[in-house]
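Notes for the structure review
If you want the building blocks of each chain, they are given just below.
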Amino acid sequence: MRDLVPTLLIAVATIGFVPVLHVASPVLSLTVEVLVAIAIVLAVPTYAPLIAIFVLFFQNLFVSILSPLVSIPSDLDFIKGYNFLVCSVMWLTTFGLYVFGQRNQSAEIVRLMRWGVVTLAVVGLYFAIGFVQDGQPASVYLRNIVLPLFLFQLSLLTAATFEVRATPFLVTLAVVLIICGYVEFAFRDVWLAVTNGYTFWGFDELKATHSGVWEAQMRATGDVPVDLKDRFSFDFLNTPLLEGFGLSKILRIHGPNMSAISFGYGIAFFGLFLFSVGRPFLALAALPLLILCSVKGALITVLFVIAAWISTRLLGAVVTLVLGLLALMVFAVVAIRVGLQIGDYHVIGLMGGLNGFLEKPFGRGLGIGGNLSDSYFSIDWSAAQAAGTIDGAAESAIGVLIYQMGIAALVPLGFYFAMALKAWRLYASSGFLTQGLAGFGVMVVLLNGLFQEEALFAPPALGLMLSLTGLVIGSQIRMQTVVVRDAAVEQLTHYQAAT
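Because the structure is a prediction, the values reported are computed rather than measured. (Residues numbered from 1 in each chain as written. Predicted model: local features only at pLDDT ≥ 70, side-chain atom pairs only at ≥ 80, totals over all residues. Heavy atoms only, no water.)

1. Remarks on the pattern of salt bridges
Formally: A carboxyl oxygen of Asp or Glu within 4 Å of a side-chain nitrogen of Lys or Arg is what we treat as a salt bridge. Exposure classes here rest on a 1.4 Å probe applied to the protein chains alone. A residue is buried below 20% of its type maximum, exposed above 50%, and partly exposed in between.
Counting across every chain of the model gives six salt bridges. Measuring nitrogen to oxygen at the nearest pair gives 3.9 Å for the salt bridge that ties D77 to K80. Of the residues examined, D77 reaches a relative accessible area of 31% and is grouped as partly exposed. Here E359 makes a salt bridge to R364, at a shortest N to O gap of 3.5 Å. Among the residues examined, E359 registers a relative accessible area of 58% and is labelled exposed. A cluster of three or more residues bridged by salt bridges with shared partners is formed by E108, R111 and K422.

Structure (structure tokens):
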């Protein structure tokens, strides 16, 4: 608990004043943020993974509050990229210290880091291929793919070397997020006024209008938004399957990170985490917010992880893992079949990715295809629904990955799955629910990646789960290292006493 307040203060200071600094001088702002990120790793290394999680959730809140200082949408987009800069510099500094022997270098850590570096190298190769064709989307997809890996390695190396007391900070963060969610739901106009939400979302509207996003959405859905609240209004869980149940549209809540999907995944994660560390009533308080976010993937994550926890108690970890993987595969098959029948955009986008993979099994390069490509805005969704596919890939993270990287997409996906299995093995031995959350949570998010781009590319989804996975694996390795070292010291002491 003694580290809670300092961690919060440093986290706020790290990202809270970025908009002001950037408006004053982008060079000054970039320099300050790089130096701050390096200083955190050098001076208070155990805070680094926690600060990374904080900036991912709260940076956009500070950006929104100070958005009246920003003049054009491109500046706002640049400022929103500072959280990636901070996380990347903290990862790079930690990685550099590992290379020079200042972090745990046990055989297990070396093996995990080696596979992580191979994964980054493969992604980097496809980034280079895509960058020469279309640099801007290639750069964005590079950021989306490597950030979860950065968060995993930052957490892994830190927890393997130092004792990271993450629970008090994460519980506090969860409480703040829950409060923000309920305030936004109950006092929407006050929330928008206090956070300067109309200004913040106004920039987003300008960008969407100029890029053609709105035109594509209106052509696909037939909905024409009139004001900001119209943009927040969605059918419950955004699916036609529930239309016959009389469920009306709801106003989605977006939370301090100004994204309903990211906030939904964050609430799902923190609700499960709260339960795993013995805060069941706080966890229950988070559940209604999942409904108000109306994010299917987040709800699916909660249901599958809870089912895995219960099944482990009843049937054991091995049987649960086998049944759980079978359940995920059955769910995927059923969801694809139903999605094709109802013309679901995510499934259609996945089919486009699969067809593109068959055409070019070695891929095309990052940024070629996907929601960020120019071809996305020219998709005729009515024709795509009739055909059951599109020319390209969209709305599906795995569909986009296999379209862009081909068979090499198995490298990052395989790495994620391998780390999930490792966390699950720890859970099988210990019974600690947090380890089970890390293990099966990553697997469920990978499943969601079939039907949602944000599942793998939004940091509060896969990135947050992998950060926890790095913490639990690193902590276990550190404890094993301590036990081995203590045993060696004891053996040496006995030897010296005997001689």
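2. What to know about unusual backbone geometry
Our working rule: Only DSSP runs of H or I reaching four residues or more are called helices, and only runs of E reaching two or more are called strands; each is numbered from the N terminus.
The phi torsion at M258 lies on the positive side, around 60 degrees, for a residue other than glycine. The buried category is assigned to M258, whose relative accessible area is 8%. Unusually for a residue other than glycine, E395 sits at a positive phi of about 60 degrees. Topologically, E395 is positioned in the loop between α19 (381-387) and α20 (397-405). Residue E395 is classed as buried on the basis of its relative accessible area of 14%.

3. Points about the packing of aromatic side chains
Note the cut-off: We call Phe, Tyr and Trp rings a pair once their centres come within 6.5 Å, taking the six-membered ring for Trp, and we label the pair stacked below 30 degrees between planes, edge-to-face above 60, and tilted otherwise. The criterion for a charge sitting over a ring is simple: Lys NZ or Arg CZ within 6 Å of the ring centre, and within 35 degrees of the ring normal.
Enumeration over the complete set of coordinates arrives at 17 aromatic pairs. Connected via pairs of aromatic rings, a cluster forms that spans F84, W91, F95, Y98 and F150. Directly above the ring of Y403 sits R364, whose terminal nitrogen or CZ lies 3.8 Å from the centroid.

4. Focus on the packing of helix α18 (residues 345-359) against α20
Which entries qualify depends on this criterion: Interaxial angles span 0 to 180 degrees and are taken between N-to-C directions of axes, which are lines fitted to C-alpha atoms, for helices over the stretch in contact. Roughly parallel means an angle under 35 degrees; roughly antiparallel, over 145; roughly perpendicular, 65 to 115; everything else is oblique. In this scheme, a crossing is called left-handed if the near helix is turned counterclockwise away from the far one by less than a right angle; it is called right-handed if the turn is clockwise. In what follows, residue pairs with any heavy atoms lying within 4.5 Å of each other are defined as contacts. Residues were grouped as follows: Ala, Val, Leu, Ile, Met, Phe, Trp, Tyr, Cys and Pro as nonpolar; Asp, Glu, Lys and Arg as charged; and all remaining residues, including Gly, as polar.
Closest axis-to-axis distance for the α18/α20 pair is 8 Å, and the angle between their directions is 20 degrees. Between α18 and α20, the angle falls in the class roughly parallel. Taken as a pair, α18 and α20 cross one another with a handedness that is left-handed. Contact with α18, carried on its side by L350, G352, G353, L354, G356 and F357, involves G399, I402 and Y403 of α20 and no other residues of that element. Looking at side-chain class alone, the contact of α18 with α20 contains five nonpolar, four polar and no charged residues.

5. Comments concerning the packing of helix α1 (residues 4-15) against helix α3 (residues 26-43)
Two elements in contact, α1 and α3, have axes separated by 10 Å at closest approach and are oriented at 160 degrees. Classified by the angle between their axes, α1 and α3 sit roughly antiparallel to one another. At the point where α1 passes α3, the crossing takes the left-handed sense. In this structure, α1 uses I10, T14 and I15 to contact α3, whose residues at the interface are E33, V36 and I40. Taken together, the residues that form the contact of α1 with α3 break down as four nonpolar, one polar and one charged.

6. Things to note about the side chain of T14
Threshold: Side-chain atoms alone can form a polar contact between residues adjacent in sequence; in general such a contact is a pair of N or O atoms within 3.5 Å, and within protein one must be able to donate a hydrogen while the other accepts it.
When you line up the elements, T14 lands in helix α1. You can call T14 buried: its relative accessible area is 1%. Within polar-contact distance, the side chain of T14 engages the backbone oxygen of I10 at 2.6 Å. For T14, the residues in contact, after removing those within four places along its chain, are E33, V36, I40, I51, V55 and V86.

7. Some points on the environment of Q480
Inspection of the secondary structure assignment puts Q480 in helix α24 (residues 459-498). Put simply, Q480 and S106 are 374 residues apart on the chain and 10.0 Å apart in space, counted from C-alpha to C-alpha.

8. Digging into the nonpolar core
To be explicit about the condition: What makes a nonpolar core is a set of buried Ala, Val, Leu, Ile, Met, Phe, Trp, Tyr and Cys residues whose side-chain atoms join them at distances within 4.5 Å.
Membership of the largest hydrophobic core comes to 149 residues, with the highest contact counts inside it found for F54, M90, F270, M405, Y416, L437 and L456. At 14 residues, the largest contribution of residues to this core is made by helix α8 (residues 135-161). Setting aside anything within four residues of it in sequence, one finds F54 in contact with L8, A11, V12, I15, Q59, F62, F169 and L173. If you look at the next biggest cluster of nonpolar residues, it comprises seven residues, including I348, W381, A384 and I390.

9. Some words on helix α16 (residues 296-315)
What counts is decided by this rule: Given a helix with a known number of residues, its expected span is that number minus one, times 1.5 Å.
Under the 1.5 Å per step criterion, the end-to-end length of α16 is 27 Å for 20 residues, consistent within 8% with the ideal 28 Å. Every buried residue of α16 is listed here: G297, A298, L299, I300, T301, V302, F304, V305, A308, W309, S311 and T312. Just downstream of α16, G316 is the residue with a positive phi angle, here 95 degrees.

On their own, these measurements won't tell you what the molecule is for.
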